[in-house]
Protein chains: 2
Amino acid sequence: MSHNEIASFADRLADAVRRTGSVTCVGIDPRLEQLPASIQRIADNGTLDAQAAAYTQFGCELIDVVKDRVACVKPQAAFFEQLGPAGMVSLGQVIRHASDAGLMVITDAKRNDIGSTATAYAQAYLGVGEASPWGSDSLTVSPYLGRDSLEPFVEVCDARAAGVFVLVKTSNPGGGLLQDRLTDGQTVYARVAELIEELNQGRIGKSGYGPIGAVVGATYPEQLAEMRAAMPSSWILIPGFGAQGGTAQDVLAGFDDQGMGAIVNNSRNLIFAHRRPEFAEKFGDARWQDAVSAATDEMNAVLAQRIS
Amino acid sequence: MSHNEIASFADRLADAVRRTGSVTCVGIDPRLEQLPASIQRIADNGTLDAQAAAYTQFGCELIDVVKDRVACVKPQAAFFEQLGPAGMVSLGQVIRHASDAGLMVITDAKRNDIGSTATAYAQAYLGVGEASPWGSDSLTVSPYLGRDSLEPFVEVCDARAAGVFVLVKTSNPGGGLLQDRLTDGQTVYARVAELIEELNQGRIGKSGYGPIGAVVGATYPEQLAEMRAAMPSSWILIPGFGAQGGTAQDVLAGFDDQGMGAIVNNSRNLIFAHRRPEFAEKFGDARWQDAVSAATDEMNAVLAQRIS
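Residues numbered from 1 in each chain as written. Chains lettered and ligands numbered in written order. Predicted model: local features only at pLDDT ≥ 70, side-chain atom pairs only at ≥ 80, totals over all residues. Heavy atoms only, no water.

Under an unreviewed UniProt entry, chain A has the name Orotidine 5'-phosphate decarboxylase and belongs to Novipirellula galeiformis. Per UniProt, chain A carries the Pathway (unreviewed entry) text "Pyrimidine metabolism; UMP biosynthesis via de novo pathway; UMP from orotate: step 2/2." Reading the Catalytic activity (unreviewed entry) entry of the UniProt record for chain A gives the comment "orotidine 5'-phosphate + H(+) = UMP + CO2". (UniProt positions renumbered as here; feature names shortened; annotations may be inferred.)

Encoded structure:
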């Protein structure tokens, strides 16, 4: 299939949100010690290969549970890389399984570099099907290296109908050290937002959004409102909901008037829902998939109520 | 071997520089179209597996040529990731081969994240031998997420006698967009330098240096001098020499009074030396290894003359 026939990343994400009625993004962050017992057993021999097989099994089963409930998933590359090359094979398998299941895939790898090296990362991750070896719809990227470090990603987004989410204002307590620094009345994160909005010009699809999204944490609701206004063409990926303390009220400001333009990530509270007291009692470890589906439905309902 | 028996990263790097008399770092940035013909042939069937095999062969032969000539090599993760999971297997093989050859390995992957996710990246890459699946002595990291994104890397450095190089002031034209922004008389890059110097306190080894190094480009000699003064405890990794325009004069300011404390990376001009007119004529593509050794000796000589 020619890439010209694929709708833009932003439009596909908008369609997926409309189709599923969900703005939830399921973060796939496998950690061996928190996996259900039946999955942990796959890794019993203690090798990295076995652990990678457990991550693949967990990731794929998880995807089968959530595929009709949410628009997108966000595999966290770090936990796969932690297992070495075997883990990267697993990451590839999980991304393919999600994509084949019709989910939009945001690979969370926070890649960044300059020139042809940035192009290599972009070509690695961006583009579904045969377009790239990893096969992601989009990738998170870090902006410290400046505009000429983002442009190679934008070029590959254009060529492959893909997207990126640039770190703008992150959810961690220390994020402000550099991001909040004020120069002539403008913070560093606001400067990044300005750059993103510039890069999206000329690239805005039917949905009203462009390929360059932004990461803005749920833990700073005022800045989220400021960033929504500063980047009207940018999808916002909101981390920090749930385990990190962000509430449904906190993420409201990330959405546009139609309740679009943002997706809210949750990892631990969804994928390890079998460990939450309310679900542990009801489903137990053995029915972890039921815990995931219940937790996902619950998050969808909470967000739908707020946004509509 | 217990990690307590390994000297600190900074001290091992100092020893390696003294032993080899070289401050050259060989950047391993494989690009298919620039590889010698004999290596390109390995990838003739056009699959990613075959291309990864070519990268492994090239990386390992390269290492065999430079292992007694330089202290360290810097594999660039992006070019391996571009090949998907097969490329990551190749990256692991190249890192192992370099480490087994007695070279210090800086994996250039510019990783960054927060909390336990940053810990996962650190545990993935940091620590030689069995300490980590990738087996690197050190890793480049990006600071946009702040202090609490660097601390997990520092903790793993402590546990595994490893190091990191934090992006401070990069060599690309657009690096200044965020890095040069001035707040109360201090640039963003100077704030990062201050943080690095703080993190190195209490961690300084016999060499006078700590585990937290800095990346400062050769293309900004004045800032390099400023950064040398601001971070007396920090090894500086200097990119931008050679192909990007930095000269031996430009990198001088990165060194301390003993000619230590900095390493100068060069990728293209060394690893693809067979394509430089002066070496192409003398050695031709078939003797690409001789071109690499001649180019490496030349860079060593130019830097030794300047620094001593």
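A. Just the pairing of strand 2 (residues 72-75) of chain B, in detail. Residues and elements named next belong to chain B. Of the two faces of strand 2, the one carrying Cys-72 and Lys-74 and the one carrying Val-73 and Pro-75 are both buried. Note: strand 1 (residues 24-28) against strand 2, four bridges, orientation parallel. Note on strand 2: the bridge partner recorded for Ile-28 is Pro-75. By the bridge criterion, two bridges tie strand 2 to strand 3 (residues 104-111) in an arrangement that is parallel. Counterpart to Cys-72 in the pairing with strand 3 is Met-104. (Buried < 20%, exposed > 50% of the residue type's maximum accessible area, 1.4 Å probe, protein only. Helix = DSSP H or I, 4+ residues; strand = E, 2+ residues; numbered from the N terminus. Pairing = 2+ DSSP bridges.)

B. Layout of the UniProt feature "domain: Orotidine 5'-phosphate decarboxylase" (unreviewed entry) in chain A. Taking the numbering used here, the UniProt-annotated feature "domain: Orotidine 5'-phosphate decarboxylase" (unreviewed entry) corresponds to residues 23-283 of chain A. The straight-line gap between the two end C-alpha atoms of residues 23-283 of chain A is 25 Å; of that span, 43% is helix and 17% is strand.

C. Up close: the packing of helix 6 (residues 115-125) of chain A against helix 7 (residues 147-160) of chain A. Residues and elements named next belong to chain A. Running from amino to carboxyl end, helix 6 crosses helix 7 at an angle of 40 degrees, the nearest separation of the two axes being 8 Å. For the pair helix 6 and helix 7, the crossing hand works out as right-handed. Residues Gly-115, Ala-118, Thr-119, Tyr-121, Ala-122 and Gln-123 of helix 6 pack against Asp-148, Ser-149, Pro-152, Phe-153, Val-156 and Arg-160 of helix 7. Looking at side-chain class alone, the contact of helix 6 with helix 7 contains six nonpolar, four polar and two charged residues. (Axes fitted to C-alpha atoms, helices over the stretch in contact; angles between N-to-C directions. Left-handed = near helix turned anticlockwise from the far one by under 90°. Contact = heavy atoms within 4.5 Å. Nonpolar A, V, L, I, M, F, W, Y, C, P; charged D, E, K, R; others polar.)

D. A look at the interface of chain B and chain A. Taken together, the contact pairs 58 residues of chain B with 58 residues of chain A. In total, chain B and chain A occlude about 4,700 Å² of area from one another, counting both sides; carbon and sulfur atoms represent 58% of this. Considering only the side of chain B, the residues that lose the most area to chain A are Tyr144(B), Leu178(B) and Arg181(B), jointly responsible for 17% of the buried surface there. Connecting chain B to chain A are four salt bridges. For the salt bridge of Asp113(A) with Lys110(B), the shortest nitrogen-to-oxygen distance reads 2.8 Å. Here chain B and chain A share 37 residue pairs in polar contact (both at pLDDT 80 or more) between them. (Buried area = accessible area lost by both parts, 1.4 Å probe. Salt bridge = Lys/Arg side-chain N within 4 Å of Asp/Glu carboxyl O. Polar contact = N/O pair within 3.5 Å; in protein donor to acceptor, adjacent residues only side chain to side chain.)

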